[in-house]
Structure formats: C-alpha cells, structure tokens
Amino acid sequence: GVTIATALVSALTGRAVRGDVAMTGELTLRGRVLAIGGLKEKGVAAHRHRMREVLVPRQNARALVELPEEVRAAITWHEVATMDDVLAVALRPAADAEAQLTAATSHRRQISGVAA
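All of these numbers come straight from a predicted model, not from anything done at the bench. (Residues numbered from 1 in each chain as written. Predicted model: local features only at pLDDT ≥ 70, side-chain atom pairs only at ≥ 80, totals over all residues. Heavy atoms only, no water.)

Asker: So what about helix α1 (residues 2-13)? Which residues, and what values?
Answerer: Taking 1.5 Å of rise per residue, the twelve residues of α1 would be expected to cover 16 Å, and the 16 Å separating its terminal C-alpha atoms lies within 8% of that figure. In the core, the buried residues of α1 are packed alongside β1 (21-23), β2 (26-27), β3 (33-34) and α4 (83-90). Looking one or two residues beyond α1, the residue adopting positive phi is G14, at roughly 80 degrees. (Helix = DSSP H or I, 4+ residues; strand = E, 2+ residues; numbered from the N terminus. Expected span 1.5 Å × (residues − 1). Contact = heavy atoms within 4.5 Å.)

Asker: So what's going on with the nonpolar core? Which residues, and what values?
Answerer: Core analysis: the largest hydrophobic core is formed by 13 residues, its most contacted members being V2, M23, L55, M83 and V86. Breaking this core down by element, the ones donating at least two residues are α1, β1 and α4. Of all the elements, α4 adds the most residues to this core, at five residues. Apart from residues no more than four positions distant in its own chain, M83 is found in contact with V2, A5, T6, L27, G31 and V33. L39, M51, L67 and I75 belong to the second-largest nonpolar core, a separate cluster that totals twelve residues. (Core = buried A, V, L, I, M, F, W, Y, C linked by side-chain atoms within 4.5 Å. Buried < 20%, exposed > 50% of the residue type's maximum accessible area, 1.4 Å probe, protein only.)

Bear in mind that shape data such as this cannot, by itself, settle questions of function.
Set out below in structure tokens:
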C-alpha cells in the first residue's frame, strides 16, 4: 500500500524516493495508514538490508518491543498515520529532485546530440 503509493507520487512529481528508507503499511483511499502483520520479520529484514530508517504504521508501534535490541537500536523508526507522514520522510527534498531532473535532461540532450 504505502510503498506503491510512494512510488506513484515519486513518478508523478519527479521527487526521488530515499534508498535508505524501508516502509510498510496498508493504505485507505483517504490516505490513512493501517496496521500490518509480521512487523518483527519485516524489521529484521530491513536491518539485514542495512536500511537506516523504517516507516511503520502508528498502530503497530507497540510491537517494536518484540524486535531484537540490536535491530531497534540500529534503525530510526518513524510512526506514520497518514500518507503525508510517509511522504515527508520517504521522498528526497524537492530541490534534490529538481537537480536530478536537470542532470537527467542534460544527459539526454548530450546523448541525442543536442547542445545543452
């Protein structure tokens, strides 16, 4: 849910998704983030893949105590209740997106032989 929605917002706005953030959560049509199952397994997997930050539904926050101490300490955990909360952490700032878009456009022009 939240991962797919984040990817769509990224594609439509040109803002890149941070590569060091993992996320999980179901999403309502009104943008509310709902609880998920398997938080312990997902948290351990995020740690194994060296994620620095993880977004978890606010409703699941109490379950973080079930994670091994090493996993809890190595990751910054963000409780999210809405899609706005997710996007605030998951997307790179707009200025970064504009710089990436400019660089990509310049690169395409160079490849096609058009002067930048």
